[in-house]
Amino acid sequence: MMNNKSPSPGPAPDSGGSGRGPMRLQLFLARAGVASRRASEELITAGRVSVNGAVVSVLGTKVEASDEVCLDGNRVRIQERLRYILLHKPAGYLCSMSDPEGRPLAVDLLPDAVTERVYNIGRLDQWSSGLILFTNDGDFAALLGHPSGRIEKEYEVVADLPLPRDFATRFRSGIVIEGQRYRALRVEPTGPTTASVVLVEGRNREIRRVLEAFGLRALSLCRIRIGFLTVAGLPVGTFRDLTPFEIERLRAEALRDRG
């Protein structure tokens, strides 16, 4: 039954992740595993979030863990257990929580045993394979997803034609395509049509766009590493939970270059 309690508008401090005391609505949503704090703010301003039956579209609203918070009419709750999952995504799966066209989703590869509402950190395009992280920890997702984190991501690339001799040097120095600059941290040719590419920002379809600028097409594109995490021992289509050591090491890597 819906209660009539109003959300707390006052300036009480955020409660962290304990679920006790008032906290900002976007933090509540992040702790509930809905999305990162930034993405949760967009959900709020879009009018998709209600508290105790009233739509809230103003940032800064405070709520208690006992408040009835709904996203698109569905109640969300703070989850006590945080999950950090590494998935080896096959090609053909979307990194999205839903798709109006009904295409297969990477999150659906996680079995029913994963009861927490996790979401992907960053993306791999539909036809790329490799590592993708899932979590219900909004702060962790925001930390790793922020450009200042500079987490390395390594890809194995197979092109349809031989790579030009200047492919590596030009990609490392930066290539401007339609006003957008694409620049790899490292590029190492491994064969006539293959290369290892390391990115730290990873803009949408970056490697594919650069290949297209050279008149090439990617036959295969696989992310084999995120930071120190690799695909070794993780077959395509399978996942595992990160260890506490791995979680803290990723945090440290993301914070390494910050002031």
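In this text the structure is predicted, and so the values were computed from the model without any measurement.

## Side note on the side chain of Ser 129
Reasoning step 1: Here Ser 129 lies in strand S9 (residues 129-135).
Reasoning step 2: Not counting chain neighbours up to four residues away, the residues in contact with Ser 129 comprise Lys 89, Pro 90, Ala 91, Leu 124, Leu 221, Cys 222 and Arg 223.

## Details of helix H6 (residues 244-255)
Reasoning step 1: A rise of 1.5 Å per residue sets the reference length of H6, with its 12 residues, at 16 Å; its end C-alpha atoms lie 17 Å apart and thus fit the reference within 8%.
Reasoning step 2: Buried residues along H6 sit against strand S7 (84-89), S9, helix H3 (138-145), strand S16 (229-230) and strand S17 (239-241).

## A short note on the sheet that holds strand S6 (residues 74-76)
Reasoning step 1: With antiparallel pairing, four strands are arranged side by side in an open sheet as S3-S2-S5-S6. Each of the sheet's edge strands pairs with one partner strand only, and the pair in question is strand S3 (54-55) and S6.
Reasoning step 2: Sheet topology note: the strand S5 (residues 69-71)/S6 ladder contains three bridges and is antiparallel. Its bridge partner lying in S6, Cys 70 is registered against Arg 75.

## A short note on helix H2 (residues 37-45)
Reasoning step 1: Of the residues making up H2, those classed as buried are Ser 40, Leu 43 and Ile 44. Buried positions in H2, seen along its axis, are confined to an arc of 100° and lie on one side of it. Seen from the buried face of H2, the exposed residues on the opposite side, beyond 90 degrees, are Arg 38 and Glu 42.
Reasoning step 2: Where H2 is buried, its residues touch helix H1 (25-31), strand S2 (49-51) and S5.

## Considering the side chain of Asn 120
Reasoning step 1: By the secondary structure assignment, Asn 120 is in strand S8 (residues 119-121).
Reasoning step 2: Within polar-contact distance, the side chain of Asn 120 engages the backbone oxygen of Gly 122 at 2.7 Å.
Reasoning step 3: Not counting residues within four places of it along the chain, the set of residues in contact with Asn 120 comprises Cys 95, Ser 96, Met 97, Ile 132, Leu 133 and Phe 134.

## A closer look at the pairing of strand S13 (residues 186-189)
Reasoning step 1: Across four bridges, S13 lies against strand S14 (residues 194-199) in antiparallel orientation. Each bridged residue has a counterpart across the sheet, and for Pro 189 the counterpart in S14 is Ala 195.
Reasoning step 2: Between S13 and S14, which follow one another and run antiparallel, lie four residues.

## Description of the confidence of the model for the protein
Reasoning step 1: Averaged over all residues, the pLDDT of the protein equals 88, while 90% of them reach at least 70.
Reasoning step 2: Throughout residues 1-20 the model reports pLDDT below 50, and contacts reaching past four residues in sequence, or to other chains, amount to 41 contacts.

## With respect to the packing of aromatic side chains
Reasoning step 1: Going through the model one piece at a time under the given rule, you end up with three aromatic pairs.
Reasoning step 2: With 5.2 Å between their ring centres and 65° between their planes, Phe 167 and Phe 214 make a pair best called edge-to-face. With Phe 167 in helix H4 (residues 167-173) and Phe 214 in the loop between helix H5 (206-213) and strand S15 (218-226), this pair connects stretches of sequence that are 47 residues apart. Exposure class is identical for Phe 167 and Phe 214. Each is buried.
Reasoning step 3: One aromatic cluster is present, formed by Phe 167, Phe 171 and Phe 214 through successive ring pairs.

The rules behind these values
- Residues numbered from 1 in each chain as written.
- Predicted model: local features only at pLDDT ≥ 70, side-chain atom pairs only at ≥ 80, totals over all residues.
- Heavy atoms only, no water.
- Helix = DSSP H or I, 4+ residues; strand = E, 2+ residues; numbered from the N terminus.
- Contact = heavy atoms within 4.5 Å.
- Expected span 1.5 Å × (residues − 1).
- Pairing = 2+ DSSP bridges.
- Buried < 20%, exposed > 50% of the residue type's maximum accessible area, 1.4 Å probe, protein only.
- Arc of directions from axis to C-beta.
- Polar contact = N/O pair within 3.5 Å; in protein donor to acceptor, adjacent residues only side chain to side chain.
- pLDDT = per-residue confidence, 0-100.
- Phe/Tyr/Trp six-rings, centres within 6.5 Å; stacked < 30°, edge-to-face > 60°.

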